[in-house]
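Survey of secondary and tertiary structure
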Amino acid sequence: MTKTVWVLNGPNLNLLGTRQPEVYGHTTLADIKALCLATAERHGLAVEFRQTNSEGGLVDDIHAARAASAGAIIINAAAYTHTSVAVLDALLASELPVIEVHLSNIHRREAFRHTSYVSQAAHGVICGFGAAGYAMALDAVPSLIDTPGA
């Protein structure tokens, strides 16, 4: 049975390619989705790709991943990374492998971005590699879903 990886994207990521390209690059969210689909296919995985600008919508997407018995969650919670206990609690409740992704290196940016609530639920964090970070996360998923207790 093909496992589905839920790739969840938070606020303002719908503006990729035009919003602060000096920080986030020129790659669009549609480009990232295509990259995720191609990478997942190489691993025999399926992808459910979503983006929301609302905190509640992101929590609902995490709940939906849990209800669908997803194989894993890859999440770029964007600004909610640094502020949302609700997203953290939903990720913990999901009981799924979680990989946190950021396009930029959050540790080379403003001090408030150095704190991540999401990291407390994540098996791993990938930041600073632009869109390639999503492919790296998908490359890591098989080892998480094939390893009991990962």
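Read on for an overview of the structure. (Residues numbered from 1 in each chain as written. Predicted model: local features only at pLDDT ≥ 70, side-chain atom pairs only at ≥ 80, totals over all residues. Heavy atoms only, no water.)

Moving on: the packing of helix α2 (residues 29-42) against helix α5 (residues 132-145). Put simply, α2 and α5 touch, their axes get as near as 9 Å, and they point 25° apart. Between α2 and α5, the crossing angle belongs to the class labelled roughly parallel. Handedness of the crossing formed by α2 with α5: right-handed. Of the residues in α5, those in contact with I32, L35, C36, T39, A40 and R42 of α2 are A132, Y134, A135, L138 and D139. Among the residues making up the contact of α2 with α5, the classes are represented as eight nonpolar, one polar and two charged. (Axes fitted to C-alpha atoms, helices over the stretch in contact; angles between N-to-C directions. Helix = DSSP H or I, 4+ residues; strand = E, 2+ residues; numbered from the N terminus. Parallel < 35°, antiparallel > 145°, perpendicular 65-115°, else oblique. Left-handed = near helix turned anticlockwise from the far one by under 90°. Contact = heavy atoms within 4.5 Å. Nonpolar A, V, L, I, M, F, W, Y, C, P; charged D, E, K, R; others polar.)

To continue, consider helix α4 (residues 85-94). Residues of α4 that are buried: V87, L88, A90, L91 and S94. Down the axis of α4, the smallest arc covering the buried residues is 165°, so these residues share one side. N-capping of α4 is provided by S84, with a side-chain oxygen placed 3.4 Å from the backbone N of A86. E95 lies just past α4 and shows a positive phi near 55°. (Buried < 20%, exposed > 50% of the residue type's maximum accessible area, 1.4 Å probe, protein only. Arc of directions from axis to C-beta. Polar contact = N/O pair within 3.5 Å; in protein donor to acceptor, adjacent residues only side chain to side chain.)

What follows is about the side chain of H102. With respect to the helices and strands, H102 occurs in strand β4 (residues 98-102). On the basis of relative accessible area, H102 is assigned to the buried category, the value being 5%. Within the structure, the side chain of H102 is placed 2.7 Å from the side chain of E100, a separation counted as a polar contact. For H102, the contacting residues outside a window of four places in its chain are N76, T81, I126, C127, G128 and F129.

The next point concerns the pattern of salt bridges. With the rule as written, the count across this model stands at two salt bridges. Here R50 ties to E48 by a salt bridge, and the two come within 3.0 Å at their closest N and O atoms. A relative accessible area of 26% means that R50 is categorised as partly exposed. The structure contains a network of salt bridges with shared partners spanning E48, R50 and D61. (Salt bridge = Lys/Arg side-chain N within 4 Å of Asp/Glu carboxyl O.)

The subject of this paragraph is the environment of L37. Mapped onto the elements of the fold, L37 is located in helix α2. Overall, the relative accessible area of 39% leaves L37 in the partly exposed class. In the structure, L37 is positioned 61 residues away from V98 in sequence and 18 Å away in space, judged by C-alpha atoms.

Here the focus is the packing of helix α3 (residues 55-67) against α4. It is at 9 Å that the axes of α3 and α4 come closest, and there the two elements cross at 0°. The angle between α3 and α4 falls in the class roughly parallel. Here E55, L58, V59, I62, H63 and R66 of α3 come into contact with α4, specifically with A86, V87, A90, L91, A93 and S94. In terms of residue class, the contact of α3 with α4 is made up of eight nonpolar, two polar and two charged.

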